[in-house]
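Chains, contacts and geometry: an overview
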Amino acid sequence: MKHVRIWFSKTGAAKYISHLDLNRCMDRAMHKAKIPLWYTEGFHPHAFLTFALPLSLFMDGRRESMDIKLEEEMEREELMARLNGALPPDIRVFDVTEPVMKPGKIAYASFVALAEPEGESPEALLLSQMQALLCREEIVVEKRTKSGVKEVNIQPFFTEVELAVENGKVKMAMTLPAGSTENINPALFFEALKQYQGCEPYVQMERTGLYDASMTPFA
């Protein structure tokens, strides 16, 4: 039995499917591609498929990963080719490696958001509104948790943010807490932008990487 880590991107139309649907999609693709998966034992055996950190709905993922166990050795290129032949076009496998870091070590995630101004509003105005929000001493928003909805001050999590105007949009790059201890979705910032600035741009978001507590890339 061999433990391998599948690296893939989830973009375009695929960002509209939930994590549960992604799990089903990968499971079906494994069957279609005839990947020699290891199955759990017992009355209801199922394939071992483990994702490092579920991706939020409506968000692109450039470097997602899924762990599987193989009952037989497979060449990296063959495994990638078989899976890509069985997956939809907006989910692409780009690498297969041996796992180095356990998913439980993930502490941070990097994101890029592209915010497009409403209507004919200039991007410079949107940039100033975003900067004004970042300068506030507190940014209190409602955050859904396992125990319910609570108010959270997200300002401390958005202290190191890069803003730039590109092609008529405001690009926002940030690194936020992620994982089992603390998880901050970048969408909370844009909810606050509407709340505090009365501004509701069209936003495209993508997760670009995962890191441990020392900012070592997840591998």
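In the block above lies the structure referred to throughout.
Residues numbered from 1 in each chain as written. Predicted model: local features only at pLDDT ≥ 70, side-chain atom pairs only at ≥ 80, totals over all residues. Heavy atoms only, no water.

1. Things to note about the pairing of strand β5 (residues 108–116)
One ladder, built from eight bridges, connects β5 with strand β9 (residues 169–177); its direction is antiparallel. Looking at the pairing, Ala 113 lines up with Met 172 of β9. Where β5 and strand β10 (residues 202–211) come together, nine bridges link them in antiparallel fashion. From the neighbouring strand, Phe 111 faces β10, where its bridge partner is Arg 207. (Pairing = 2+ DSSP bridges. Helix = DSSP H or I, 4+ residues; strand = E, 2+ residues; numbered from the N terminus.)

2. Observations regarding the nonpolar core
Core analysis: the largest hydrophobic core is formed by 37 residues, its most contacted members being Met 130, Phe 158, Met 172, Met 174, Phe 189 and Phe 190. For this core, the secondary-structure elements that each account for two or more residues are β5, α3 (123–134), β9, α4 (187–197) and β10. Look past the residues within four positions of Met 172 in its chain and what remains in contact with it is Phe 111, Val 112, Ala 113, Met 130, Phe 158, Val 161, Glu 162, Leu 163, Phe 189 and Phe 190. In this structure, Met 66, Ala 86, Ile 91 and Val 93 belong to the second largest nonpolar core, which totals 27 residues. (Core = buried A, V, L, I, M, F, W, Y, C linked by side-chain atoms within 4.5 Å. Buried < 20%, exposed > 50% of the residue type's maximum accessible area, 1.4 Å probe, protein only. Contact = heavy atoms within 4.5 Å.)

3. Describing the packing of α3 against α4
Running from N to C, α3 and α4 cross one another at 95°; their axes reach a closest spacing of 10 Å. Judged by the inter-axis angle, α3 sits roughly perpendicular to α4. Residue-level inspection shows Leu 126, Gln 129, Met 130, Ala 132, Leu 133 and Leu 134 of α3 in contact with α4, the latter providing Phe 189, Phe 190, Ala 192, Leu 193, Tyr 196 and Gln 197. Taken together, the residues of the contact of α3 with α4 sort by class into 10 nonpolar, two polar and no charged. (Axes fitted to C-alpha atoms, helices over the stretch in contact; angles between N-to-C directions. Parallel < 35°, antiparallel > 145°, perpendicular 65-115°, else oblique. Nonpolar A, V, L, I, M, F, W, Y, C, P; charged D, E, K, R; others polar.)

4. Comments concerning the side chain of Thr 11
Considering the arrangement of structural elements, one finds Thr 11 in the loop between β1 (2–10) and α1 (19–32). Judged by its relative accessible area of 15%, Thr 11 falls in the buried class. Ignoring any residue separated from it by four or fewer positions in sequence, one finds Thr 11 in contact with Asp 60, Gly 61, Arg 62 and Asp 90.

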